[in-house]
Amino acid sequence: MGFALRVALAAALVSACGSTLEDEPESSADAQAADQTPASTPPADASVPKPMVRPDTGPPSLPPHPQSSPVACDFQNADPGPALIRRLTRREYNNTIRALLGDVSAPANGFTPDEEFMGFNNQAASLGMTPLHAEQYMQASERLSETAVTRLESLLPCQPAVVGEAACLRAFVISFGRRAFRRPLLNEEVDGLMTLYDAALVMDPPRFERAFRLVIQALLQSPNFLFRIEVGEVFDVINVEDGRHEDKDRLRLTDYEMASRLSYLLWQSMPDSDLFDAADRGELTTAEQVKAQARRLLADDRARHTLLDFFDQWLRIGEVYTLSRDASAYPDFNEGLRPLFAAESHAFIEDLLWGPVRNLTRLFDADYTFMNETIARYFGVPGVVGSEMRKVPLDPTQRAGILTHTSIMAVTAKPNRTSPVNRGVYVRDHILCTPLPPPPPDLPIVPPSPDPTRSTRQQFEEHSANPACAGCHALIDPIGFGFENLDADGRWRTTENGHVVDASGEMTATLDADGPFVGAAALSRQLANSEQVHRCAVTQYFRFAQGRGETRADLCSLDQLYLAYEDGGRDLVSMVEQLTSTNLFRFRRRPLEGALEEANAEAADSPENGAQP
């Protein structure tokens, strides 16, 4: 796939709907803004650099998703990008509280839901702090401190009656604070928290318990607990000609920052005692040290839950839990089926990630799925008995891989019918990483109402004939029509409203997946062999892992990650392990001198802060 094909792809998308590409920002303040938007398809007349050439293979590889990589990449000095401050997600908050206090009440379930950005809820761009968040954190800290005081002896590192109340509280502040802040506390931080003991002396007794509760509340409301903050440290590099000198472009994460980055990447929780101990000893500095810890964390069941969360968000499987259906159109549907739809996909993904054959190609072309007796009966599959999910072969002419799962078919349909548009957009956005821009704001979006005399395809073909809609719909509908043999719940059908279902379609404007197909199984197999699809999968994981979108500066890191994915036989777990030893993971870009002061000055002059425009 050469330059001409990439330009053709860009031209097709631009002529249909338009597109933009963000240049790498010139300051760290601009970097944060640009990192909120993914680099998208360049316009046809843009200056597109050639893709990287691997010295061991010769031919150029495909661009990441779909813009091209730099001419060459120095992986040793790849730009790691910024490390944006991120508030803990609700899931991370619950997991951290469980690990820190042994409290399993999941208090964050009552918090304001995390906003999604670029398909994920852990993006720095959407994890700010509002007054409502602050109030919810305060209330949660008060409830958690009340519960913690009932377990006082198990949480204290000493006995107040033996060493003295003040001394024991200070020891607790140092030990518990280290875990809450995920780093050792500074002396002034310890002293500041100890003033709460003085305040408790004038309160109602018992004063030690009061001080204990106040300390926990203060720690749990601190930005050092609620946010993942990575500052980094200066380090020296060795240059053959010049000897040692300070790296001018990068900062290395400290051992404690690396412990947190590892644990939240793989467990969505705070570091365990082994990670803290490794950080204490300075053993999270080299790539091999970090990779060894990653291997240990990946062997834990918590890593399975985290990777399932990635797939739930990337592929929208998690939305099935709130699925609704029009009873008149789907009378067999009931709410008890929703977790079973998710369980099918979860069992399938776990088999891909942790089973004997770990190759993500099968995500799209596998000829099997997992069912229990209830879901098998719903789909008319004989021979499945019992409540446990078990491996079931598929008819290869009807289904293949995750795209034909009920979870995907259901969340991309309407409550009363299928939606070729939703399903086509889903493939473009989530599987190919080429999202189309939204329609013009003055264009009314009114899908056709169900007509019992016509098929869905007939209605949508007429709907998209509107000249104002035809450009984008030509890229969407021919994909969505390929799923028409699968109804809104993913059940197979050959007729609809008396018409034979026409599931023929065509992929266009892709890098290497173009061509006609008939049916979702054929489309899935067509996508399974596409490098663009697999680069998209790597890009989606990059967004999930880094908590931000990619920019031009990340193209080299993305290419390195993709090569690791391919070299590992498209084993995603192996790629995640390799990621932890890269510069992308172990370093952060050094802010440009004066960029912070410039950003603060701009914020102070903003009309929102009272400045005159």
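Residues numbered from 1 in each chain as written. Predicted model: local features only at pLDDT ≥ 70, side-chain atom pairs only at ≥ 80, totals over all residues. Heavy atoms only, no water.

**Q** What is the right way to read the overall build of the chain from this model?
**A** The number of helices and strands found in the chain is 27 helices and 12 strands. Per-residue burial over the chain gives 53% buried out of 613 residues. In the chain, of all internal contacts separated by at least 6 residues, the share reaching a separation of at least 24 is 68%. Taken as a whole, the chain presents about 26700 Å² of accessible surface, with 53% of it coming from carbon and sulfur. (Helix = DSSP H or I, 4+ residues; strand = E, 2+ residues; numbered from the N terminus. Buried < 20%, exposed > 50% of the residue type's maximum accessible area, 1.4 Å probe, protein only. Contact = heavy atoms within 4.5 Å. Areas by Shrake-Rupley, 256 points an atom, 1.4 Å probe, with all protein chains shown as cover.)

**Q** Please explain empty space enclosed by the protein as it appears in this structure.
**A** Unfilled space is identified by rolling a water-sized probe across the atoms. Enumeration over the complete set of coordinates arrives at four cavities of 30 Å³ or more. Size it by volume and the largest cavity reaches roughly 130 Å³. If you trace the largest cavity, you find it lined by P82, A83, L84, R86, R228, E230, R261, L265, A545, Q546, R548 and F585. When contributions to the lining of the largest cavity are tallied by element, the ones reaching two or more residues are α11 (255–266) and α23 (531–546). (1 Å grid on protein atoms, 1.4 Å probe; cavity = no way out; pocket = protein on both sides within 12 Å on 5 of 7 lines; lining within 4 Å. Points joined across faces, edges and corners; volume = space filled by probe spheres on them.)

**Q** For this particular structure, what's the right way to read the pattern of salt bridges?
**A** Proximity of charged atoms lets side chains of opposite charge pair with each other. The final tally for this structure, using the stated rule, is 34 salt bridges. The salt bridge involving E373 is made with R377; its shortest N-O contact spans 3.2 Å. Here R377 and E373 lie together in helix α17 (residues 373–378), a separation of four residues that amounts to about one turn. Among the residues examined, E373 registers a relative accessible area of 30% and is labelled partly exposed. A salt bridge links E550 to R543, with the shortest nitrogen-to-oxygen separation between them at 2.8 Å. (Salt bridge = Lys/Arg side-chain N within 4 Å of Asp/Glu carboxyl O.)

**Q** How should I be thinking about the pairing of strand β11 (residues 515–518) in this particular structure?
**A** As a general feature of sheets, a regular strand has side chains that alternate between the two faces. Here β11 shows a buried face lined by G515 and F517 and an unburied face lined by P516 and V518. The pairing of strand β10 (residues 504–507) with β11 spans four bridges and is classified as antiparallel. If you follow S504 over to β11, its bridge partner there is V518. (Pairing = 2+ DSSP bridges.)

**Q** Please clarify how the packing of helix α3 (residues 90–101) against helix α7 (residues 165–181) should be interpreted in this entry.
**A** Between two packed helices, what matters for the description is the angle formed by their axes and the separation of those axes. In contact at an axis separation of 10 Å, α3 and α7 are set at 160° when each is read in the N-to-C sense. Relative to α7, the element α3 lies roughly antiparallel. Read as a crossing pair, α3 and α7 show a hand that is right-handed. Together, A99, L100 and L101 of α3 and F176, R179 and A180 of α7 make up the contact between the two elements. (Axes fitted to C-alpha atoms, helices over the stretch in contact; angles between N-to-C directions. Parallel < 35°, antiparallel > 145°, perpendicular 65-115°, else oblique. Left-handed = near helix turned anticlockwise from the far one by under 90°.)

**Q** Looking at this structure, I do not really get α23. What am I missing?
**A** Think of an α-helix as 3.6 residues a turn; residues three or four steps apart then line up on the same face. Under the 1.5 Å per step criterion, the end-to-end length of α23 is 22 Å for 16 residues, consistent within 8% with the ideal 22 Å. Burial analysis of α23 places 16 of its 16 residues in the buried class, the great majority of the element. Two or three places before Q532, at the opening of α23, S530 has a side-chain oxygen 3.2 Å from that residue's backbone nitrogen. Once α23 finishes, G547 follows within two positions and takes phi at roughly 70°, a positive value. (Expected span 1.5 Å × (residues − 1). Polar contact = N/O pair within 3.5 Å; in protein donor to acceptor, adjacent residues only side chain to side chain.)

**Q** Looking at this structure, how should I read the nonpolar core?
**A** Nonpolar side chains in soluble globular proteins tend to be buried together. Y93, L101, L262, F311 and Y541 are the most contacted members of the largest nonpolar core, which totals 136 residues. The dominant element in this core, judged by the number of residues it contributes, is helix α15 (residues 338–354), at nine residues. Shared between two domains, this core takes at least three residues from each, and those domains are domain 2 (86–228) and domain 3 (307–437 + 454–528). (Core = buried A, V, L, I, M, F, W, Y, C linked by side-chain atoms within 4.5 Å. Domains from an automatic or database assignment.)

**Q** Is there a simple way to explain the state of the cysteines in this structure?
**A** One way to say it: the disulfide is the covalent bond shared by the sulfur atoms of two cysteines. One pass over the structure, following the stated rule, counts three disulfides. Across a sulfur-sulfur distance of 2.1 Å, C158 and C168 are joined as a disulfide pair. Looking along the S-S bond of the C158-C168 disulfide, the torsion reads about 115°, which is the right-handed sense. Of this pair, C158 sits in the loop between α5 (152–155) and α6 (160–163) while C168 is found in helix α7, placing the two residues 10 residues apart along the sequence. Among the residues examined, C158 registers a relative accessible area of 18% and is labelled buried. What pairs with C433 in a disulfide is C536, and their sulfur atoms sit 2.1 Å apart. Disulfide C433-C536: the torsion about the S-S bond is 75°, which places it as right-handed. Separated by 103 residues along the polypeptide, C433 in the loop between α19 (420–431) and α20 (456–463) and C536 in helix α23 bring together distant segments of the chain. (Disulfide = S-S within 2.5 Å.)

**Q** Where do I start with the side chain of S126 in this structure?
**A** When you line up the elements, S126 lands in the loop between α3 and α4 (131–148). Once residues within four sequence positions are removed from consideration, S126 is found in contact with R87, E115 and F117.

**Q** Could you clarify how one ought to interpret α11 in this entry?
**A** Here α11 contains 12 residues, and its C-alpha end-to-end distance of 17 Å stays within 8% of the 16 Å for a straight helix at 1.5 Å per residue. Burial analysis of α11 places 12 of its 12 residues in the buried class, which makes it a mostly covered element. Turning to α11, its buried residues are D255, Y256, E257, M258, A259, S260, R261, L262, S263, Y264, L265 and L266. The positive-phi residue at the C-terminal boundary of α11 is Q268, with phi of around 55°.

**Q** I keep staring at a nonpolar patch on the surface and nothing clicks. Help me out?
**A** Taken together, the side chains of I85, I229 and V231 define a hydrophobic patch exposed on the protein surface, amounting to about 260 Å² of accessible area. When you line up the elements, V231 lands in the loop between β2 (227–228) and β3 (236–239). (Patch = residues over 30% accessible without salt bridge, like charges linked within 9 Å, V, L, I, M, F, W, Y side chains within 5 Å.)

**Q** Can you help me understand the confidence of the model for the chain in this one?
**A** Low pLDDT marks stretches whose predicted atomic positions should not be read closely. Mean pLDDT for the chain: 85, with 82% of residues reaching 70 or above. Segment residues 1–16: pLDDT under 50, and 39 contacts once partners within four positions in sequence are set aside and those in other chains are kept. Across residues 18–71 the pLDDT falls below 50, and counting only partners more than four positions away or on other chains, this stretch makes 136 contacts in the model. (pLDDT = per-residue confidence, 0-100.)

**Q** Explain the packing of helix α13 (residues 287–298) against helix α25 (residues 572–579) to me, please; I cannot follow it from the model alone.
**A** With their axes 8 Å apart at the nearest point, α13 and α25 run at an angle of 145° to one another. Taken as a pair, α13 and α25 cross one another with a handedness that is right-handed. Between α13 and α25, the residues in contact are K291, R295 and L298 and V573, V576, E577 and Q578, respectively.

**Q** Help me out: how do you make sense of the environment of D191 in this one?
**A** Tracing the sequence through the fold places D191 in helix α8 (residues 187–201). For D191, a relative accessible area of 40% gives the class partly exposed. Sequence separation of D191 and R170 is 21 residues, and the distance between their C-alpha atoms is 8.5 Å.

**Q** Teacher, can you tell me more about the packing of aromatic side chains here?
**A** One pair of aromatic rings is described through two measures. These are the centre distance and the angle between the planes. According to the stated counting rule, one finds 22 aromatic pairs in the structure shown. Summarising the aromatic geometry, the rings of F341 and Y378 are spaced 6.0 Å apart at their centres and angled 50° between planes, so their arrangement reads as tilted. Here the residue F341 occupies a position in helix α15, and Y378 occupies one in helix α17, the gap between them amounting to 37 residues. Accessibility classification places F341 together with Y378 in one group, the buried group. Of the aromatic side chains, those joined through ring pairs into one cluster are F120, F310, F311, W314, Y541 and F544. Taking NZ or CZ as reference, K391 lies 4.1 Å from the ring centre of Y368, over its face. (Phe/Tyr/Trp six-rings, centres within 6.5 Å; stacked < 30°, edge-to-face > 60°. Lys NZ or Arg CZ within 6 Å of the ring centre and 35° of its normal.)

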